[in-house]
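Okay, here's what each chain looks like letter by letter:
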Amino acid sequence: MKIGKVIARVDADAKVTGEALYPGDFNFDNQLYMKTLFSEKPHAIIKKVDISVAEKIPGVILILTAKDVPNNGYGLGVPDQPVLCGPGSDKPFANVVRCVSDQIALVIAENEDIATTAIKAIKVDYEDLPVITSPEEALRDDAIQIQPDHKDNVLLHLKIRNGDVEQAFQNSDVIIEGTYHTPVQEHAYLQPEAGVSYVDEEGRITVVVAGQWIHEDQEQIAHSLNLPLEKIRIIYPAIGGAFGGREDMSVQIILALATLRLSEMGIDRPVKTIWSRQESIIGHHKRHAYTIHAKWGATKDGKILAAEVKLEADAGAYAYTSTKVQGNATLMCTGPYEIPNVKVDSYSIFTNNVPGGAFRGFGGPQGAFAAEMQINKLAEKLNIDPVEIRIRNLMKEGSKLSVRSSLPPVVSLPEVVERCALKAGWKKNQKGNWSHPGLKSQISKSKIKGLGFACGYKNIGFSFGANEGAWATIELIGKAEIEKVILHHAGAEVGQGSHTIFCQMAAEAVGVPQEMVSLVASDTSSSDNSGSVSASRMTFMAGNSIIGAARLALEKWRNEERPAIGRYRYNAPKTTPFDKETGECYPNIAYGYVAEAIEAEVDVETGEIHLSKVYCADDVGKAINPQLVMGQIEGSIVQAAGYGLMENFIQEKGYVKTSQLSTYLIPTVLDIPDQIDTIIIENPDPNGPWGARGVGEMPYIPLVPAISSAIHSATGVWMEHFPMTSENVLRKLGKIDMD
């Protein structure tokens, strides 16, 4: 049995020895270097781009502007962003920059120094436009319209209408209202955007780059260059992290554009680019900032009767994946609870900030923060233990979501919550109710320890009607016996260990030792579409596609075909989109469930928060490789702790003020929790490969509200916005002014 065992990562040796090449490590003879000119304005009309001085600099080979882009628009959901902004484009209104992430010109030169000098020599004539920096400003009647294809600055409005909310509030014994603010977050992956492009031996424009979905990269490049798909090849080498930040385009299209135009000039030289950390932080999307107002009503015995929620997301200047993130936040803002009466209105709103997009959790952390804060406040108001009130309201097998459809089996939330609670010291009293002997303890004159609790759930796979599935091809080599197995799969390895479990699953499906499996991965020339490494989906989708391919290959092997090749697409069960008026839908095929308890030490003199212990219970269905599962859980917790406690992304008037890792602080080894107690629960999903669900995002979902709950246990104050920096904690404690 290869499934469920710890094996070494297939890429471990190459990565620790430095043999593995990341996009920025690739160098070719006679290569050129490209630099990008970003917008100096958050909102302006570009009147002129003057390259006359720059193009005369010795060593400059080519300068590209908007007029050089064959089809000047791209976007994962809607192609609303110009590849290059400026006059002369085929795209209407491409002469307007809408945020500082917009790109204006490309310089291709003999080396990086020359390209940098030339970029600085380009002169751009701007005509400033009003800058909108918040959803509140964007919704004003006199606000300038940021996107010309929309009637106003609302990208999307989603609704949920279920039951009679007003009557339920009248029947409630207690009503809790709160307004919550969740911040922007930068992905801060170790490897900044980089890549190299060239024309391969078959005449294809080939881009070696880091991303999360090779076939989507291929499609977007082909779209912008007006080329057939087969003329574009994407290769992913080693990738230094992603977390959703590589779902949208960065250097992919502009590298391919440079190679296209050089080729037309008869210049057959590779082109390389590496963004600086500042360019990376400015140039790619971020986690959405949300403002969420929630009103919940409950009976005196803690049964939640109604929830009314309004969410406003800062989409930034372009659509990216805002509407998909919004869908998750809309679903999850009422938590993993049975609430018979629900009214939700959510909005994604254009501003001139850096665009919001995919980030681990994908709207779930924002929705969960509001939901878990609300239920913790209800628990305090009703003098009910925070675990006990959850047990009374948790969704279970057969429960219906706010969108009127039942959860797919198996729903293990009660078990997950109870397992986490028991580990953290909760017990059932003689009446059968959950309680904890001490949520607060004094540990020194200025330090108080508090215990907090939160739980949540996260979808596995694409949602709301998206076409979901994955391809795999397995080739069996040998004569009388199978001697070698070759797996072709497009799924990206962004650090999470996907390529290792691909090999484990292929070995299990074929019935051979894992050492016999070799993987050909992440190349559009050799692999069919796998979908993206996102939405905690890849183990689920890849595993099912590998099982299908193995079954077909083994059938051909038994029929004495040599080599025996099985090519298979797993088609996931169908989901449905939100009904426009009621929100009714079947949103997802599977979920993972999580509960977390946190011991946090609060220094009431300095405001410092230290996480001494995190208890995390996750139902992963089946842990294909338990060590990799633990790595995902621990990494997710550390990243969520940074989101909650210290990462403060600052934009002022559309400009990024925290564009370096010296100003945007992320957790170091000294900032992580002292101890993480991981509880892996395995209730097999009926559709998952060997019962596997997913794990990449689940531990992230409830961590920040659990921290806030712990701070409240220690101090009695609710942290309703974050990051919970020392300064913000002291403000809440009344130690410094609130201004």
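Residue positions are given per chain, counted from 1 along the sequence in the order it is written. Given that the model is predicted, a residue must reach a pLDDT of at least 70 before its local features are reported, and side-chain atom pairs must reach 80 or more before they are shown or counted; all residues, however, enter totals for whole chains, interfaces and linings. Hydrogens and water molecules were not included; the side-chain quantities draw on all heavy atoms of the structure.

**Student:** I would appreciate a short explanation of the sheet that holds strand 24 (residues 591–603) in the present structure.
**Tutor:** Hydrogen bonds between backbone atoms are what pair the strands of a sheet, whose relative direction is either parallel or antiparallel. Read across the sheet, five strands follow the order 18-19-24-25-28 without closing on themselves; strand pairing throughout is mixed. Each edge of the sheet is formed by a strand with only one pairing partner; in this case those strands are strand 18 (440–442) and strand 28 (675–681). In this sheet, adjacent strand axes meet at a mean angle of 15° when their direction is disregarded. Its contacts with the sheet put helix 8 (residues 322–332) on strand 19 (447–459) and strand 24, and the angle it makes with strand 19 is roughly 115°. Lying on the sheet, helix 15 (residues 703–715) is in contact with strand 18, strand 19, strand 24 and strand 25 (609–619); it crosses strand 19 at an angle near 155°. Pairing between two strands is assigned when DSSP locates at least 2 bridges connecting them. Each helix corresponds to a stretch of at least 4 residues labelled H or I by DSSP, and each strand to a stretch of at least 2 residues labelled E; elements are numbered beginning at the N terminus. Only the stretch in contact is used when fitting a helix axis, every axis being a line fitted to C-alpha atoms; angles between N-to-C directions are given from 0 to 180 degrees. What makes two residues a contact is simply this: any of their non-hydrogen atoms within 4.5 Å.

**Student:** For this particular structure, what's the right way to read the sheet that holds strand 23 (residues 564–571)?
**Tutor:** Pairing is mixed in the open sheet, where four strands are placed in the order 22-21-20-23. The open sheet has two edge strands, strand 22 (517–521) and strand 23, and neither has a second partner. Averaged over neighbouring strand pairs, the angle between their axes works out to 20° when direction is ignored. Running over the sheet, helix 12 (residues 498–510) touches strand 20 (469–478), strand 21 (482–489) and strand 22 and is turned about 130° from strand 22.

**Student:** Can you walk me through the side chain of T36 in this structure?
**Tutor:** Following the sequence through the fold, T36 ends up in strand 1 (residues 32–38). Here T36 is in contact with Q103, A105, L106, I119, I254, W275 and E279, once residues within four sequence places are set aside.

**Student:** For this particular structure, what's the right way to read the state of the cysteines?
**Tutor:** Should the sulfur atoms of two cysteines be covalently bonded, the bond is a disulfide. Cysteine sulfur pairs qualify as disulfides if the two atoms are within 2.5 Å. Applying the stated rule across the entire model yields zero disulfides. Among the cysteines around C99, which has no disulfide bond, C85 carries the closest sulfur, lying 7.9 Å off. By relative accessible area, which is 0% here, C99 ends up buried. Looking at the unpaired C616, the closest cysteine sulfur is the one in C420, lying at 7.1 Å. Think of it in three bands: with a 1.4 Å probe and only protein chains considered, a residue is buried below 20% of the maximum accessible area for its type, exposed above 50%, and partly exposed in between.

**Student:** Looking at this model, I keep getting lost on the packing of aromatic side chains. Mind explaining?
**Tutor:** The geometry of two aromatic rings is summed up by the distance between their centres and the angle between their planes. Planes of paired rings set the category: under 30 degrees apart is stacked, over 60 is edge-to-face and the rest tilted, where pairs are Phe, Tyr or Trp rings (Trp by its six-membered ring) whose centres lie within 6.5 Å. Across all of its chains, the model carries twelve aromatic pairs by this definition. Here the aromatic rings of Y457 and Y591 are separated by 5.2 Å at their centres, their planes lie at 45°, and the arrangement is tilted. Placement of the pair is Y457 in strand 19 and Y591 in strand 24, with a sequence separation of 134 residues. Of the two residues, Y457 and Y591, both sit in the buried class.

**Student:** Explanation requested: the nonpolar core in the structure shown.
**Tutor:** Considering soluble globular proteins, one finds that nonpolar side chains tend to be buried as a cluster. Only buried residues count toward a nonpolar core. Its members are Ala, Val, Leu, Ile, Met, Phe, Trp, Tyr and Cys residues joined through side-chain atoms within 4.5 Å. Counting residues in each nonpolar core, the largest one holds 111 residues, and the members touching the most others are W296, W426, F453, I598 and M724. Not counting residues up to four positions away in its chain, the partners in contact with I598 are G450, L451, G452, L611, K613, V614, L703, A706, I707 and A710. In this structure, L32, I501, V533 and A549 belong to the second largest nonpolar core, which totals 73 residues.

**Student:** How should I be thinking about the packing of helix 12 against helix 13 (residues 538–558) in this particular structure?
**Tutor:** When two helices pack together, you describe them by how their axes are tilted relative to each other and by the distance separating the axes. One can describe the packing of helix 12 onto helix 13 by two numbers: an axis separation of 9 Å at closest approach and a directional angle of 35°. For helix 12 against helix 13, the interelement crossing comes out right-handed. Within the contact between the two elements, helix 12 uses I501, F502, M505, A506, A509 and V510 and helix 13 uses M538, T539, A542, G543, I546, I547, A550 and L554. For a crossing to be left-handed, the near helix must be turned anticlockwise from the far one by less than a right angle; the clockwise case is right-handed.

**Student:** Looking at this model, I keep getting lost on the environment of I666. Mind explaining?
**Tutor:** Note that I666 resides in the loop between strand 27 (655–656) and strand 28. By relative accessible area, which is 29% here, I666 ends up partly exposed. Each C-alpha atom, one on I666 and one on T539, is 28 Å from the other, the two residues being 127 residues apart in sequence. The contact partners of I666, leaving out residues within four places of it in the chain, are A188, M646, E647 and D671.

**Student:** Quick question: what am I supposed to make of the packing of helix 14 (residues 626–645) against helix 15 here?
**Tutor:** Where helix 14 contacts helix 15, the two axes come as close as 9 Å, and the packing angle between them is 55°. If you check the angle between helix 14 and helix 15, you find them oblique. Considering the relative orientation of helix 14 and helix 15, their crossing is right-handed. From helix 14, I637, A640, A641, Y643, G644 and L645 reach across to helix 15, where they touch L703, V704 and I707. Of the residues in the contact of helix 14 with helix 15, the class split is eight nonpolar, one polar and no charged. Here the angle decides the label: under 35 degrees means roughly parallel, over 145 means roughly antiparallel, 65 to 115 means roughly perpendicular, and every other value means oblique. Amino acids are sorted into nonpolar (Ala, Val, Leu, Ile, Met, Phe, Trp, Tyr, Cys and Pro), charged (Asp, Glu, Lys and Arg) and polar (every other residue, Gly among them).

**Student:** Explain the side chain of H288 to me, please; I cannot follow it from the model alone.
**Tutor:** Tracing the backbone through its elements, the reader meets H288 in the loop between helix 7 (277–283) and strand 13 (290–298). A relative accessible area of 1% places H288 in the buried class.

**Student:** I would appreciate a short explanation of the environment of V131 in the present structure.
**Tutor:** The residue V131 is located in the loop between strand 6 (123–128) and helix 3 (135–138) in this model. Assessed through its relative accessible area of 29%, V131 is described here as partly exposed. For the pair V131 and P723, spaced 592 residues apart in sequence, the C-alpha to C-alpha distance is 25 Å. The residues contacting V131, other than those within four sequence positions of it, are P42, H43, E137, N352, K653 and G654.

**Student:** Any chance you could explain the environment of K484 here in plain terms?
**Tutor:** On the secondary structure map, K484 appears in strand 21. Assessed through its relative accessible area of 39%, K484 is described here as partly exposed. Each C-alpha atom of the pair K484 and M516 lies 5.2 Å from the other, and the pair is 32 residues apart in sequence. Leave out the neighbours within four places in its chain, and K484 touches E475, L476, I477, M516 and S518.

No statement about biological role is implied by the geometric values presented.
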